[in-house]
Amino acid sequence: MRKLINIEVNGKAREVAVDVRASLLEVLRGELELTGSKKGCGVGECGACTVLMDGVAVNSCISLAVWADGRKVTTIEGVSPEPGKLSDVQQSFVDSGAVQCGFCTPGLVMAATALLGEQPSPSREEIRRGLSGNLCRCTGYSTIIDAVENVAKTRGQA
Amino acid sequence: MYDFASYTEAADIHEAVGLLCANPNARIIAGGTDVLIKLRSRDEAFVGRDFVGVTRIPGMTDIRLCDDGTIVIGAAASFAKIEGDAVIAQHLPSLAQAAGSVGGPQIRNMGTVGGNLANGATSADTASMLLACDATLVIAGAQGDTEVPLAGFHQGPGRVKLEHGQILKEIRVAKAGYEGYKGGYIKFAVRRAMDIATLGCAVMIKMDGDRIEDLRIAFGVAGPVPLRAASAEAYAKGQTLCDEVLEQIGRKCLEDTNARDSWRAAKAFRQQLISVLPGRAVRKALGGDGDA
Ligand SMILES: Cc1cc2nc3c(=O)[nH]c(=O)nc-3n(C[C@H](O)[C@H](O)[C@H](O)COP(=O)(O)OP(=O)(O)OC[C@H]3O[C@@H](n4cnc5c(N)ncnc54)[C@H](O)[C@@H]3O)c2cc1C
Ligand code: FES
Ligand code: FES
């Protein structure tokens, strides 16, 4: 069973005929060729597939693609201000040494982007809580928390 | 790709009830955070079904305060919505605590309170809290809406009192359920996020000076379904609040519950939690430092 859905993906209106059984992650990585969002666990535990739906962080692996109908979806490909540039969150991950293998990074950048949208100056404890839906097997997390803290500080000074 | 047959959304709840009634193979899906996980492990209950989505039904996610003081929560309201809602923050902050203890942010954005109840798990964080609030459920069906108490809704692990064609529409907490009460929820889990409760303890307490006028205690994972501690509640009424009384309440809670061994924790450890968490939850409710 296919259904025609209208989604705004990273600012661009798209019309896609999706299999109703497909996850949003499958449609993003497949039909839409946006392979930045990763599949780690496929069951909502790791956060590697995190995207924003109408600005809210969701696990795209356990979201049906049809649920994105009429919504705005932002993926890691959509966070940078222009091609070739990084968003301040992405840059801060690089500067803070928060990226090792990088598999968790797209999801963590999306979760951090959502968190900073809701709480512009979170405490380290609030950052931990805001990123608790994302696993990283490499870094040990403290550089990731630094990265988010640094964005908040820099934005606060601007 | 998930292994189900079809997906449909209805324009309103009557149409959704109609879709369900017309098709014995139809099943409800809300946020999908239980259903899709079960489908991944090929749970017979969901493989090959025709899904009817309920989260976009108008009004299903609304939270409102009625003129008579009843708090009405749409069954498809997400945990995040409950956590951030002004009515809940003002009148039922302990429910915001319980909702805030679920999963991580992404799960709280997708999972719904109705799904938490209808899924029938004893560990459901909002179930024990709502049970302590004497919540009632509005269930929509072919014959119209009926209102039933949450107490008795859970029939066994994963089983609730919903017939095919019925949709949980609203959760209601009447004024008598919360007015004058302070509430607290303690989720004891091994990790501070993304973990299922080893034991959940919810209390609603009404004080008269330093006397306990009324106390309601509900547990998750202290038995096959979320349950109330009736004899502990009866004992607590009229007692002067002090450490000895809280300890005695804890001992009574052991009589009211039926903890078991599981891979998450041994029975003896759960019993220890059952005897100490109510006291901590009461302290937390009354503004002390009761956090586990
Ligand atoms: C990674 C992860 C972490 C989690 N952590 C927690 C946790 O900490 N605490 C916790 O309590 N739960 C947790 N859960 C479980 C789950 O998120 C909750 O139980 C959630 O409330 C389910 O809601 P849903 O809308 O996603 O339900 P769905 O999966 O859509 O549905 C669940 C069940 O309820 C039925 N249903 C749903 N809505 C209705 C309705 N309106 N009327 C009738 N039947 C209905 C469905 O048919 C299905 O049987 C977790 C899940 C995951 C994947
Ligand atoms: S891949 Fe979606 S949460 Fe792990
Ligand atoms: S950098 Fe490797 S999983 Fe996080």
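This one's a predicted model, so the numbers in the text were calculated from it and none came from an experiment. (Residues numbered from 1 in each chain as written. Chains lettered and ligands numbered in written order. Predicted model: local features only at pLDDT ≥ 70, side-chain atom pairs only at ≥ 80, totals over all residues. Heavy atoms only, no water.)

Visitor: Honestly, the overall build of chain B in this entry has me stumped. Any pointers?
Guide: The helix and strand tally for chain B stands at twelve helices and 14 strands. Taken against the 2.2 N^0.38 rule, which gives 19 Å for 292 residues, the C-alpha radius of gyration of chain B at 19 Å falls within 12% of a compact globule. For chain B, the residues scored as buried account for 54% of the 292 residues in total. Put simply, 63% of the contacts in chain B that link residues at least 6 apart link residues at least 24 apart. Accessible area of chain B: about 12,100 Å², with a carbon and sulfur share of 49%. Charge centroids of chain B, computed over 32 positive and 34 negative side chains, lie 4 Å from each other. (Helix = DSSP H or I, 4+ residues; strand = E, 2+ residues; numbered from the N terminus. Rg over C-alpha atoms; globule rule 2.2 N^0.38 Å. Buried < 20%, exposed > 50% of the residue type's maximum accessible area, 1.4 Å probe, protein only. Contact = heavy atoms within 4.5 Å. Areas by Shrake-Rupley, 256 points an atom, 1.4 Å probe, with all protein chains shown as cover. Lys, Arg positive; Asp, Glu negative; His and termini not counted. Charge placed at Lys NZ, Arg CZ, Asp CG, Glu CD.)

Visitor: For this particular structure, what's the right way to read the domain arrangement of chain B?
Guide: Where interface size is given, it is often the accessible area lost as the parts come together that is meant. The assigned domain composition of chain B is domain 1 (6-53), domain 2 (63-177) and domain 3 (181-285). Taking only C-alpha atoms into account, the centre of domain 1 of chain B sits 35 Å from that of domain 3 of chain B. (Domains from an automatic or database assignment.)

Visitor: Where do I start with the packing of aromatic side chains in this structure?
Guide: By convention here, two paired aromatic rings are described through the distance between centres and the angle between planes. All names here are of chain B. Considering all chains together, one arrives at three aromatic pairs over all chains under this definition. The interplanar angle of 45° and the centroid separation of 4.8 Å between the aromatic rings of Phe-4 and Phe-51 together place this pair among those described as tilted. Note that Phe-4 is positioned in the segment before strand 1 (6-9) and Phe-51 in strand 3 (residues 50-53), a separation of 47 residues in sequence. According to the relative accessible area criterion, Phe-4 is buried, its value standing at 2%. Arg-216 extends its terminal NZ or CZ atom over the ring of Tyr-181, reaching a point 4.1 Å from the ring centre. (Phe/Tyr/Trp six-rings, centres within 6.5 Å; stacked < 30°, edge-to-face > 60°. Lys NZ or Arg CZ within 6 Å of the ring centre and 35° of its normal.)

Visitor: Explanation requested: the packing of helix 2 (residues 88-95) of chain A against helix 5 (residues 142-157) of chain A in the structure shown.
Guide: Helix-helix packing is characterised by the crossing angle of the two axes and by the distance between the axes. All names here are of chain A. Running from amino to carboxyl end, helix 2 crosses helix 5 at an angle of 130°, the nearest separation of the two axes being 8 Å. Classed by the angle they form, the pair helix 2 and helix 5 counts as oblique. Crossing hand, helix 2 versus helix 5: right-handed. Side by side, helix 2 and helix 5 meet where Asp-88, Val-89, Ser-92 and Phe-93 of the first sit next to Ile-144, Ala-147, Val-148, Asn-150, Val-151 and Arg-155 of the second. Among the residues making up the contact of helix 2 with helix 5, the classes are represented as six nonpolar, two polar and two charged. (Axes fitted to C-alpha atoms, helices over the stretch in contact; angles between N-to-C directions. Parallel < 35°, antiparallel > 145°, perpendicular 65-115°, else oblique. Left-handed = near helix turned anticlockwise from the far one by under 90°. Nonpolar A, V, L, I, M, F, W, Y, C, P; charged D, E, K, R; others polar.)

Visitor: Looking at this structure, I do not really get the interface of chain B and chain A. What am I missing?
Guide: Taken together, the contact between chain B and chain A spans 29 residues of the former and 35 residues of the latter. Sorting the residues of chain B by area buried against chain A places B:Met1, B:Tyr7 and B:Gln106 first, and these three jointly supply 26% of that buried surface. There are two salt bridges connecting chain B and chain A. Across the pair B:Arg192 and A:Glu125 runs a salt bridge whose closest N-O atoms are separated by 3.4 Å. Counting every contact that joins chain B to chain A gives 14 residue pairs in polar contact (both at pLDDT 80 or more). Tallied by class, residues from the side of chain B that touches chain A come to 14 nonpolar, eight polar and seven charged. (Buried area = accessible area lost by both parts, 1.4 Å probe. Salt bridge = Lys/Arg side-chain N within 4 Å of Asp/Glu carboxyl O. Polar contact = N/O pair within 3.5 Å; in protein donor to acceptor, adjacent residues only side chain to side chain.)

Visitor: Looking at this model, I keep getting lost on the domain arrangement of chain A. Mind explaining?
Guide: Residue and element names in this part refer to chain A. Domains assigned within chain A are domain 1 (2-75) and domain 2 (88-157). Domain 1 and domain 2 are separated by 22 Å when their C-alpha centres are compared. Of the residues lining the interface, 15 residues belong to domain 1; the matching set on domain 2 comes to ten residues. Taken together, the links from domain 1 to domain 2 amount to zero salt bridges. Connecting domain 1 to domain 2 are three residue pairs in polar contact (both at pLDDT 80 or more). Considering every element that reaches the side of domain 1 that touches domain 2, the biggest residue donor is strand 3 (residues 50-53), with three residues.

Visitor: Please clarify how the pattern of salt bridges should be interpreted in this entry.
Guide: Should their charged atoms come close, side chains of opposite charge can pair. A complete count under the given rule lists 26 salt bridges over all chains for this structure. A salt bridge links A:Lys3 to A:Asp69; its shortest N-O distance comes to 3.3 Å. Residue A:Lys3 is located in strand 1 (residues 2-9), and its partner A:Asp69 is located in the loop between strand 4 (56-59) and strand 5 (72-74); the two are separated by 66 residues in the primary sequence. For A:Lys3, a relative accessible area of 32% translates into the label partly exposed. Two residues, B:Glu233 and B:Arg228, come together in a salt bridge whose shortest N-O distance is 2.7 Å. What makes B:Arg228 partly exposed here is its relative accessible area of 25%.

Visitor: What should I look at first to understand the state of the cysteines in this one?
Guide: Cysteine pairs can be linked by a disulfide, which is a covalent bond between their two sulfur atoms. Overall, the coordinates contain zero disulfides over all chains when judged by the stated rule. Distance from the sulfur of B:Cys133, which forms no disulfide, to the nearest cysteine sulfur (B:Cys201) is 13 Å. (Disulfide = S-S within 2.5 Å.)

Visitor: How do you make sense of the pairing of strand 7 (residues 144-149) of chain B when you look at a structure like this?
Guide: If a strand is regular, its side chains alternate between the two faces of the sheet. Residue and element names in this part refer to chain B. Of the strand pairs in this sheet, strand 6 (residues 136-141) and strand 7 are connected by six bridges, and their pairing is antiparallel. By the bridge assignment for strand 7, Leu-137 is matched with Val-148. Linking two consecutive strands that pair antiparallel, namely strand 6 and strand 7, is a turn of two residues. (Pairing = 2+ DSSP bridges.)

Visitor: What is the right way to look at the sheet that holds strand 2 (residues 26-29) of chain B in this model?
Guide: Sheet strands pair via backbone hydrogen bonds, and the direction of the pair is either parallel or antiparallel. Residue and element names in this part refer to chain B. Taken in spatial order, the three strands make up an open sheet running 1-3-2, and their pairing is parallel. Among the strands making up the open sheet, the edge pair consists of strand 1 and strand 2. Sheet twist, expressed as the average angle between the axes of neighbouring strands with direction ignored, equals 30°. Pairing between strand 1 and strand 3: four bridges, direction parallel. Each residue of the ladder has a partner; that of Tyr-7, found in strand 3, is Phe-51. Packed on one face of the sheet, helix 1 (residues 13-21) meets strand 1, strand 2 and strand 3 and runs near 140° to strand 2.

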